Amino acid sequence: MVSTRDWIPAGVDVTSPNVARIYDYWLGGSHNFETDRATADHLERTLPWIRQSVRLNRAFLGRAVRFMLAQGIRQFLDLGAGIPTVGNVHEIAQREVPEARVVYVDKEAVAVAHGELLLAGDDRTAVLHADVRDVAGVLKSAEVRRLIDFAEPVGLLCLLLLHWIPDEDDPAGLVRAYQEPLPPGSLLAFTHVTSDAHQESFAAASDQMAARRGEVPHTRSHDEILGLLGDLTLVEPGLVGCGSWRPAGPTDIAEDPAWNELIYAGVARKS
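Residues numbered from 1 in each chain as written. Predicted model: local features only at pLDDT ≥ 70, side-chain atom pairs only at ≥ 80, totals over all residues. Heavy atoms only, no water.

A.B. asks: Explain the overall build of the protein chain to me, and be specific about the residues and the numbers.
C.D. replies: Counting its regular elements, the protein chain contains 10 helices and eight strands. A buried classification covers 55% of the 271 residues belonging to the protein chain. Put simply, 72% of the contacts in the protein chain that link residues at least 6 apart link residues at least 24 apart. For the protein chain, the computed accessible surface area is about 11900 Å², with 52% contributed by carbon and sulfur atoms. (Helix = DSSP H or I, 4+ residues; strand = E, 2+ residues; numbered from the N terminus. Buried < 20%, exposed > 50% of the residue type's maximum accessible area, 1.4 Å probe, protein only. Contact = heavy atoms within 4.5 Å. Areas by Shrake-Rupley, 256 points an atom, 1.4 Å probe, with all protein chains shown as cover.)

Encoded structure:
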């Protein structure tokens, strides 16, 4: 039996909050520390809709993966995947297409350690400990070379990732670098926190994260997010609020319509 502490790698800082573990907490997971929970609760007092927003993001993930499967995608590269929890890419994809292959990439040691435990024995899924900004390192890794065939379309996922990439690190160039080796027909699914609404609340939340030594997101407008996509073509309905992208039922949409628009979401195709 695996100890409940075996997913904590040696040397991990348990005193500073971490985005992946905060996200896990908001989704009802158990792979987080007291500092993550305290920070998450504090942020919710400033952004009372944030827990609902990350759950809308998780619902969008499911719809995006199923859309990709319907387009013939059978292999997925999930960048900044976070801590694998219920409803992750491999569960959704392999439930419908058992031969589907998935590589998760994250720089957070706890996320990777938990992923390795969860995925042990699954030869169609792998987890890679890497910074997504090291594009060559990711694409040339043993995990990607084993599971991803660049002669066939790939489903690339960047959910709640790009707003952690500051402008000086060229997020548009990062998207372009990952798309360049992919064949036509490949799809990119992404979500991005927006500053188009609740600017003062987001600014206050960013100050709180900085004060607690946590990462601070770089919120962007609708037009700025469109600019990250380069030559990719958005599929319908385009770049919209997370809850408004092809909702399949009431659980995909927040009760308050304004909450559906706090995270932009979209799927784009490489021609």
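We are not done yet, so read on.
A.B. asks: Summarise the nonpolar core; cite the residues concerned and give the values.
C.D. replies: Ranked by internal contacts, the top residues of the largest apolar core, which has 46 residues, are Trp 26, Phe 60, Val 65, Phe 76, Val 89, Leu 157 and Val 267. Apart from residues lying up to four places away in sequence, Phe 76 is in contact with Val 65, Met 68, Leu 69, Val 89, Ala 93, Ala 100, Arg 101, Val 102, Val 103, Ile 148, Gly 155 and Leu 157. The next biggest cluster of nonpolar side chains, apart from the first, holds 34 residues, and it includes Val 103, Ala 130, Leu 162 and Ala 172. (Core = buried A, V, L, I, M, F, W, Y, C linked by side-chain atoms within 4.5 Å.)

A.B. asks: An account of the packing of helix α3 (residues 50-70) against helix α4 (residues 89-96) is requested, with residue identities and associated values reported.
C.D. replies: Two numbers describe how α3 lies on α4: the axes approach to 10 Å, and their chain directions differ by 40°. Looking at the two axes, α3 sits oblique to α4. Seen from above, α3 lies across α4 with right-handed handedness. Contacts from Leu 61, Gly 62, Val 65, Arg 66 and Leu 69 in α3 reach Val 89, Ile 92, Ala 93 and Glu 96 in α4. A per-class count over the contact of α3 with α4 returns six nonpolar, one polar and two charged. (Axes fitted to C-alpha atoms, helices over the stretch in contact; angles between N-to-C directions. Parallel < 35°, antiparallel > 145°, perpendicular 65-115°, else oblique. Left-handed = near helix turned anticlockwise from the far one by under 90°. Nonpolar A, V, L, I, M, F, W, Y, C, P; charged D, E, K, R; others polar.)

A.B. asks: Before we move on, could you go through the packing of aromatic side chains and cite the residues and values that matter?
C.D. replies: On inspection of all chains with the given rule, the structure shows two aromatic pairs. Summarising the aromatic geometry, the rings of Phe 67 and Trp 245 are spaced 5.9 Å apart at their centres and angled 90° between planes, so their arrangement reads as edge-to-face. Pair noted here: Phe 67 is in helix α3 and Trp 245 is in the loop between β7 (240-241) and β8 (263-269), with a separation of 178 residues, a long-range link. The exposure classification of Phe 67 matches that of Trp 245, with both residues buried. What links up through ring pairs into an aromatic cluster is the set Phe 60, Phe 67 and Trp 245. (Phe/Tyr/Trp six-rings, centres within 6.5 Å; stacked < 30°, edge-to-face > 60°.)

A.B. asks: Any details on unusual backbone geometry? Residues and values, ideally.
C.D. replies: Of note, the amide linkage connecting Glu 236 to Pro 237 takes the cis form, showing an omega dihedral of 10°. Within the secondary structure, Pro 237 is located in the loop between β6 (233-234) and β7. A positive phi angle is found at Leu 160, which is not glycine, with a value near 50°. The backbone phi angle of Arg 246 is positive, close to 45°, even though this residue is not glycine. Among the secondary structure elements, Arg 246 is positioned in the loop between β7 and β8.

A.B. asks: Now, about the pattern of salt bridges: what can you tell me, with residues and values included?
C.D. replies: Taken as a whole, this structure holds seven salt bridges when the rule is applied. Here Arg 124 makes a salt bridge to Asp 122, at a shortest N to O gap of 3.7 Å. On the accessibility criterion, Arg 124 (28% relative accessible area) is partly exposed. The partner of Arg 220 in a salt bridge is Asp 167, and the shortest N-O contact between them spans 2.9 Å. Taken as a pair, Arg 220 in the loop between α9 (199-211) and α10 (222-226) and Asp 167 in the loop between β4 (155-159) and α8 (171-179) lie far apart in primary sequence, 53 residues in all. The exposure class of Asp 167 is exposed, given its relative accessible area of 58%. (Salt bridge = Lys/Arg side-chain N within 4 Å of Asp/Glu carboxyl O.)

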